[in-house]
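Single-letter residue listing:
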Amino acid sequence: MHELSVSSAVVDTAVKHAAGRQVLLVSVRLGHLRQVVPDSLVFFFDLCARDTVCEGARLEYEVVAARLRCEPCEHEWGVTEPAFRCPLCDGARVVVVCGDELEVASIEVHQEEPACIV
Ligand SMILES: [Zn+2]
């Protein structure tokens with residue numbers, strides 16, 4: 001139920017930023033290493049959004065590819081699998097450069113039409 005807690009955090013963040021306005025779209029950046037299943041994320045997002053200003057909002061996501069760096073030899077490489085060993089020196093002192101993002105990048109809210117003053 002990993003995606004449920006993620007979705008609930010995404011909805012919380014969007015609700016906070018919306019400040020009472022109706023949310024139309026939520027964009028999130030998902031690091032590949034988070035191993036979040038996007039379809040489940042969308043499903044749970046809809047569930048968590050019920051009865052909030054996010055109800056009916058579209059969830060958009062961008063998956064961020066992962067890059068790792070070996071600290072001793074500074075070799076940097078992209079990964080599709082979480083394999084935490086340097087292919088160059090076989091070292092295990094490896095840091096994640098990117099790929100563990102899980103953040104709300106932006107939201108779109110419904111703007112009230114400016115009142116028409118005749
Ligand atoms: Zn290395």
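A closer look at the environment of valine 26
Now for step 1: Note that valine 26 resides in strand S1 (residues 23–31).
Now for step 2: Sequence separation of valine 26 and arginine 50 is 24 residues, and the distance between their C-alpha atoms is 14 Å.
Now for step 3: With sequence-adjacent residues up to four places away left out, valine 26 is seen in contact with Val10, Ala14, Phe45, Arg58, Leu59, Glu60, Val104, Ser106 and Ile107.

As for the pattern of salt bridges
Now for step 1: Considering all chains together, one arrives at six salt bridges under this definition.
Now for step 2: Of the charged contacts in the structure, one is a salt bridge between glutamate 62 and arginine 29, with a shortest N-O distance of 3.6 Å. Placement of glutamate 62 in strand S2 (residues 58–64) and of arginine 29 in strand S1 is noted, with a sequence separation of 33 residues between them.
Now for step 3: Residue glutamate 62 is classed as partly exposed on the basis of its relative accessible area of 43%.
Now for step 4: Here glutamate 71 and arginine 93 are joined by a salt bridge, their closest N and O atoms 3.8 Å apart. Residue glutamate 71 is found in the loop between strand S3 (66–70) and strand S4 (76–79), and its partner arginine 93 is found in the loop between S4 and strand S5 (94–98); the two are separated by 22 residues along the sequence.
Now for step 5: Residue classification places arginine 93 among the exposed positions, given a relative accessible area of 53%.
Now for step 6: Put simply, Arg29, Glu62 and Glu103 are held in one network by salt bridges that share partners.

Reading guide: rules and limits
Residues numbered from 1 in each chain as written. Predicted model: local features only at pLDDT ≥ 70, side-chain atom pairs only at ≥ 80, totals over all residues. Heavy atoms only, no water. Helix = DSSP H or I, 4+ residues; strand = E, 2+ residues; numbered from the N terminus. Contact = heavy atoms within 4.5 Å. Salt bridge = Lys/Arg side-chain N within 4 Å of Asp/Glu carboxyl O. Buried < 20%, exposed > 50% of the residue type's maximum accessible area, 1.4 Å probe, protein only.

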